[in-house]
Amino acid sequence: MSALLDQAFLRRLIEAVARTIIDHADELTALDSAIGDGDHGANMRRGFEAVLAELDTLAAKPLPEALKALGTQLVMKVGGASGPLYGTLFMSLGKSLPERLDREGVAQALDAAITAVKARGKAETGQKTMLDVLVPVQQALASGAGPAAVAARANEAADATVPMKATRGRASFLGDRSIGHMDPGARSSALIVGAVASCLGASS
Ligand code: ADP
Ligand code: MG
């Protein structure tokens, strides 16, 4: 994890996450068209295009400050339900990261960030949202899983939202008709985790 302190690595990490989301915007839109209002891809693309535009400034900051600034960009640019929630996730992660970036410290910081997302969205796991990916990812990290295993867990968890019935967010308006589709926010969370894990895997 010490590689995270390196500014060039931080730049690659932010860029990889942003490009992954932008490259999958159409897929996120299709998922949100099935059980929402079809804007998740466009929302996320707008947010991460703003992040890319600020890439040099963001990557020049120490990691906690970079995460807070990234979260602020997402709150300002993504919109919808997911903008404030992803914004809260990254800002809180920036605030909670310990100085020593070992796995335990990162897992604890992610736990604190997830608690903040739950409070912001008044949501829990099992409601077919991004939390259904973020929570198992945090648990995998806390139990010592490496980058590839954490990414695999994120994808499994996103798949596991397919049979769930949404009880939070716009998809909950559909009731039982939300069953049978992957939650768009769960997919975008898995994409973010996958991009981070690829960078960490390539660096270790
Ligand atoms: P909107 O629903 O306002 O159109 P988006 O389409 O950008 O916003 O984002 C939808 C995603 O946000 C959902 O797929 C879900 O994962 C997530 N989401 C919505 N409400 C909540 C909530 N209260 N807590 C956690 N995640 C939520
Ligand atoms: Mg939407």
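Preceding block: the structure.
Residues numbered from 1 in each chain as written. Chains lettered and ligands numbered in written order. Predicted model: local features only at pLDDT ≥ 70, side-chain atom pairs only at ≥ 80, totals over all residues. Heavy atoms only, no water.

Draft legend 1. The overall build of the chain, seen in detail. Of regular secondary structure, the chain possesses 10 helices and zero strands. When the helices and strands of the chain are read in sequence order from the N terminus, they spell out α-α-α-α-α-α-α-α-α-α. By the compact-globule yardstick of 17 Å for 204 residues, the chain fits well, its C-alpha radius of gyration being 16 Å. In the chain, which comprises 204 residues, the share counted as buried stands at 50%. Put simply, the chain shows about 9,200 Å² of open surface, and 53% of that area lies on carbon and sulfur atoms. (Helix = DSSP H or I, 4+ residues; strand = E, 2+ residues; numbered from the N terminus. Rg over C-alpha atoms; globule rule 2.2 N^0.38 Å. Buried < 20%, exposed > 50% of the residue type's maximum accessible area, 1.4 Å probe, protein only. Areas by Shrake-Rupley, 256 points an atom, 1.4 Å probe, with all protein chains shown as cover.)

Draft legend 2. Structural view of the pattern of salt bridges. Following the criterion strictly, the structure yields 10 salt bridges and no others. Between Glu65 and Lys68 there is a salt bridge, with the nearest N and O atoms lying 3.3 Å from each other. Note that Glu65 and Lys68 are positioned in helix H5 (residues 63-77) at a spacing of three residues, about one turn of the helix. Take Lys68: its relative accessible area is 26%, and that puts it in the partly exposed class. Taken together, the salt bridges that share partners define one network made up of Arg11, Glu15, Arg19 and Asp56. (Salt bridge = Lys/Arg side-chain N within 4 Å of Asp/Glu carboxyl O.)

Draft legend 3. Inspection of the site of ligand 1 at higher detail. With respect to spatial proximity, 20 residues lie near ligand 1, and among them Asn43, Ala81, Ser82, Gly121 and Asp183 are the closest. Between ligand 1 and Asp39 there is a distance of 3.0 Å, counted from an oxygen atom to a side-chain nitrogen or oxygen. A distance of 3.0 Å separates an oxygen atom of ligand 1 from a polar atom in the backbone of Met130. Among the secondary structure elements, those contributing two or more residues to the shell around ligand 1 are helix H3 (40-53), helix H6 (82-96) and helix H10 (184-203). Sorting elements by how many residues they give to the shell around ligand 1 places H10 first, with three residues. A class-by-class count of the residues in the shell around ligand 1 yields six nonpolar, eight polar and six charged. (Near = heavy atom within 4 Å. Polar contact = N/O pair within 3.5 Å; in protein donor to acceptor, adjacent residues only side chain to side chain. Nonpolar A, V, L, I, M, F, W, Y, C, P; charged D, E, K, R; others polar.)

Draft legend 4. Spatial organisation of the coordination of the magnesium ion (ligand 2). Looking at the metal site, the magnesium ion (ligand 2) is ligated by Asp32 (OD), Asp37 (OD) and Asp39 (OD), spaced 2.0 to 2.2 Å from it. Residue class for Asp37 comes out partly exposed when judged on its relative accessible area of 39%. (Donors = N, O, S within 2.8 Å, 3.2 Å for Na, K, Ca; no water.)

Draft legend 5. View of helix H9 (residues 147-159). For H9, spanning 13 residues, the distance from its first C-alpha to its last is 19 Å, which sits close to the expected 18 Å at 1.5 Å a residue. For H9, the full list of buried residues reads Val150, Ala151, Ala154, Ala157 and Ala158. Buried residues of H9, viewed axially, fall in a sector of 125°; they line one side. (Expected span 1.5 Å × (residues − 1). Arc of directions from axis to C-beta.)

Draft legend 6. Examining the nonpolar core more closely. Counting 56 residues, the largest nonpolar core has Phe48 and Leu89 as the members making the most contacts within it. Contacts of Phe48, omitting those with residues within four sequence positions, involve Val17, Ala18, Ile21, Ile22, Leu74 and Ile192. (Core = buried A, V, L, I, M, F, W, Y, C linked by side-chain atoms within 4.5 Å. Contact = heavy atoms within 4.5 Å.)

Draft legend 7. Local environment of the side chain of Thr129. Relative to the helices and strands, Thr129 resides in the loop between helix H7 (103-121) and helix H8 (131-142). By relative accessible area, Thr129 is classed as buried at 14%. For Thr129, the residues in contact, after removing those within four places along its chain, are Arg168, Asp183 and Ala186.

Draft legend 8. Fine view of the side chain of Ser188. Looking at where Ser188 falls in the secondary structure, it is placed in helix H10. Only 2.8 Å separates the side chain of Ser188 from the side chain of His40, close enough to count as a polar contact. In this structure the side chain of Ser188 is engaged in a polar contact, spanning 3.1 Å, whose partner is the backbone oxygen of Gly185. The contact partners of Ser188, leaving out residues within four places of it in the chain, are Ile21, Leu28, His40, Met44 and Tyr86.

Draft legend 9. Representation of the packing of H6 against H7 in the model. Direction vectors running N to C along H6 and H7 enclose 145°, while the axes themselves pass 8 Å from each other. The chirality of how H6 crosses H7 is right-handed. Judged by residue contacts, Pro84, Leu85, Thr88, Leu89, Ser92, Leu93 and Ser96 of H6 engage Ala109, Leu110, Ala112, Ala113, Ile114, Ala116, Val117, Arg120 and Gly121 from H7. Grouping the constituent residues of the contact of H6 with H7 by class yields 11 nonpolar, four polar and one charged. (Axes fitted to C-alpha atoms, helices over the stretch in contact; angles between N-to-C directions. Left-handed = near helix turned anticlockwise from the far one by under 90°.)

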